[in-house]
Amino acid sequence: MTNLLRALEKSKPPPKKLRTYHRISLEEFENKVCSVDENLLSDFYSGDAFIIKGVVDPVHLDQMKRDVVIWGEKIKPDYQPMIEGAKDFHQYIKDDGSSLKYNINPVRHSYFFFRWNKDPVGTFKHGNHIWGLIKLLGGFEYGEFSLNTPKDGVVDRAQIAHYPVGAGRIPKHTDPFHNQKAILGVYMSQYGEDFQDGGLYFINQNDQLILLEPEIKKGDAVIAYPTIVHGVQTIDPHEKPNWHDKQKGRWFLGLYTNDSNQKKNRITSHKV
């Protein structure tokens, strides 16, 4: 899809607002990507989001949640820049000024994993296929960047994020699009069961906030062009914040290709 995407990118600026959203099965999405479907790419670059149904079996996601909680309990919270030899890590990212490593000030407990380590909870095992399709959609090779380490300037990094009730959120922002042409997340929890309010939203062309989370099922993935303004509304804002209850709250597997910390003038997300 490289030539089609480059032609669209040259013909008009990237989308800033959500136009609409679609539901599509994983099989149909894969077929459209592999057959270089022009309508898919045109809709995508026009500001449409896609809910891709049934990307990962919820049984695997529930096991991943259990495994990552156990893994995190064995390792002291810390921050690891994306440099050669970086270890997998987890970090409580709060709004109390103690976490100043991120441009957009999210509030969540994040677990980060790199390909050169052992994939202890299966983030790459279960995320590789949809990630490869997104790379194809964006004009890259299916396995592009998979062997990179930070010295190469660009690396894949998987994140499992727990957004605790009463606290978890991300302000409005946009993401870089030079390494990956779509935001990509697999949803590990269920709106209306694990939490009752908040979650993923986009800003549409009428400057309205469109809460998409109620339309998403556990195991689905959501993609959109990274320049569309989006965020996460506070999870169950009327509840008392509880960072330790891992049964409640929003869980999310984010898959993104980043500039490493060894790249000069690296491009990151921006709050809007």
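Below: a short report on this structure. Predicted model, so just to flag it, every value in this text is computed and none were measured. (Residues numbered from 1 in each chain as written. Predicted model: local features only at pLDDT ≥ 70, side-chain atom pairs only at ≥ 80, totals over all residues. Heavy atoms only, no water.)

## Describing the nonpolar core
The line we're drawing: The term nonpolar core refers to a set of buried residues drawn from Ala, Val, Leu, Ile, Met, Phe, Trp, Tyr and Cys, joined through side-chain atoms within 4.5 Å. Categorising residues by exposure relies on relative accessible area from a 1.4 Å probe, with only protein chains included: less than 20% of the type maximum marks a residue as buried, more than 50% marks it as exposed, and the intermediate range marks it as partly exposed. To qualify as a helix, a DSSP run of H or I must reach at least 4 residues; to qualify as a strand, a run of E must reach at least 2; elements of each kind are numbered from the N terminus. Two residues form a contact once any of their heavy atoms are found within 4.5 Å.
Grouped together as the largest cluster of nonpolar side chains are 61 residues, with contacts concentrated most on F29, I52, I130, L137, I160, F202 and I223. In terms of residue count, helix α5 (residues 123-137) provides more of this core than any other element does, six residues in total. Non-local contacts of F202, meaning those with residues more than four positions away in its chain, are made with L18, A49, I183, Q208, L209, I210, L212, V222, A224, I228, V229 and H230. Membership of the second largest hydrophobic core comes to six residues, among which are M82, F89, F114 and V155.

## A short note on helix α2 (residues 26-34)
Our working definition: Our arc is simply the arc of the directions from the helix axis toward the C-beta atoms.
Every buried residue of α2 is accounted for by L26, F29 and V33. For α2, the buried positions fall inside an angular range of 65° around the axis, keeping them on one side. Among the exposed residues of α2, those oriented more than 90 degrees off its buried face are E27 and C34. On its buried face, α2 is in contact with β1 (21-25), α3 (38-45), β2 (49-53), α5 and β10 (221-224). Directly after α2, the chain includes V36, whose backbone phi takes a positive value near 55°.

## Re the sheet that holds strand β9 (residues 209-211)
The condition is simple: By definition, two strands form a pair when at least two bridges between them are found by DSSP.
Overall, antiparallel pairing links the five strands, which are arranged β9-β8-β11-β6-β13 in an open sheet. Pairing within the sheet leaves two strands with one partner each, and these edge strands are β9 and β13 (270-271). With two bridges joining them, strand β6 (residues 170-174) and strand β11 (residues 230-233) adopt antiparallel strand pairing. Paired with I170 across the strands is V232, a residue of β11.

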